[in-house]
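Read off the chains here:
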Amino acid sequence: MLPPGLEGNLVEYVQGGVADWLPFDQKRFYTNAFIIQNDKILLGFKKRGFGINKYNGFGGKVEPGETFTEAAMRELKEEAGIDAPLEHAGSLLFMAKGIEWAFQIEIFSARTYSGTPTESDEMRPEWFSITPSAASDANAIVSPIPYESMWDGDDRWLPLIVQGQKFVGRVDSAMQDDGKFTMTRHWFGTVISDN
């Protein structure tokens, strides 16, 4: 059975937690974009605002009149200084205890881009290795994906993007005393192609 707020032709990939799913009355829409090239992924270190000091894709709020794709392209340009032929890669519904609305995050990815990744006032772009063998090499120039410095649960769905597998997921979280969000329940599924 799919968690509340998720829909589609999905097969369960991973789930966890035992808490009840958190209720929500409305959704607010966001995007997140990832660039994957060869054996690397481009992430941004968040310098200010929500998610400060975490690595993530490049994204933000969908502005009135924008499509999800337009918002993702705009945010990628604003935060990393690059353009890319983004394709929809997945959807993530994020809930936090005490917040009455849900973050509906549309995830995008691209295998090519134009321009030079450039630091902005909000994000510092950095390449990370997606190849475990390269990441474990002590002489490697590119560090492994820093899951310990990302949102709780990113390690469950980011590998799907790298593999080119579309997904849908939900993460319910609670804020801890130190201000960090910890997952209380999660569910991720891969999209079954209609072909």
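Residues numbered from 1 in each chain as written. Predicted model: local features only at pLDDT ≥ 70, side-chain atom pairs only at ≥ 80, totals over all residues. Heavy atoms only, no water.

1. So, the pattern of salt bridges
Side chains that differ in sign of charge can pair as their charged atoms come close. Applying the stated criterion to the full structure yields 11 salt bridges. Note that R48 and E122 form a salt bridge whose closest N and O atoms lie 3.8 Å from each other. Here the residue R48 occupies a position in the loop between strand 3 (40–46) and strand 4 (55–56), and E122 occupies one in the loop between strand 7 (101–110) and strand 8 (123–129), the gap between them amounting to 74 residues. With a relative accessible area of 40%, R48 lands in the partly exposed category. (Salt bridge = Lys/Arg side-chain N within 4 Å of Asp/Glu carboxyl O. Helix = DSSP H or I, 4+ residues; strand = E, 2+ residues; numbered from the N terminus. Buried < 20%, exposed > 50% of the residue type's maximum accessible area, 1.4 Å probe, protein only.)

2. Thoughts on the layout of surface pockets
Estimates place the volume of the largest pocket at around 670 Å³. As for the largest pocket, its lining consists of 31 residues, and the residues nearest its centre are Y30, F50, N56, G59 and G60. Residue contributions to the lining of the largest pocket peak at four residues, all from strand 5 (residues 58–61). Class assignment of the residues belonging to the lining of the largest pocket gives a composition of 11 nonpolar, nine polar and 11 charged. If you trace the second largest pocket, you find 14 residues lining it, with I52, K54, W151, K180 and F181 closest to the centre. For the lining of the second largest pocket, the per-class residue count stands at five nonpolar, five polar and four charged. (1 Å grid on protein atoms, 1.4 Å probe; cavity = no way out; pocket = protein on both sides within 12 Å on 5 of 7 lines; lining within 4 Å. Points joined across faces, edges and corners; volume = space filled by probe spheres on them. Nonpolar A, V, L, I, M, F, W, Y, C, P; charged D, E, K, R; others polar.)

3. Considering the pairing of strand 7
Burial analysis of strand 7 places 10 of its 10 residues in the buried class, the great majority of the element. Bridge count between strand 2 (residues 26–37) and strand 7: 10 bridges; the pairing is parallel. If you follow R28 over to strand 7, its bridge partner there is F103. Judged from the seven bridges that link them, strand 6 (residues 87–96) and strand 7 form a sheet pairing that is antiparallel. Counterpart to H88 in the pairing with strand 7 is F108. (Pairing = 2+ DSSP bridges.)

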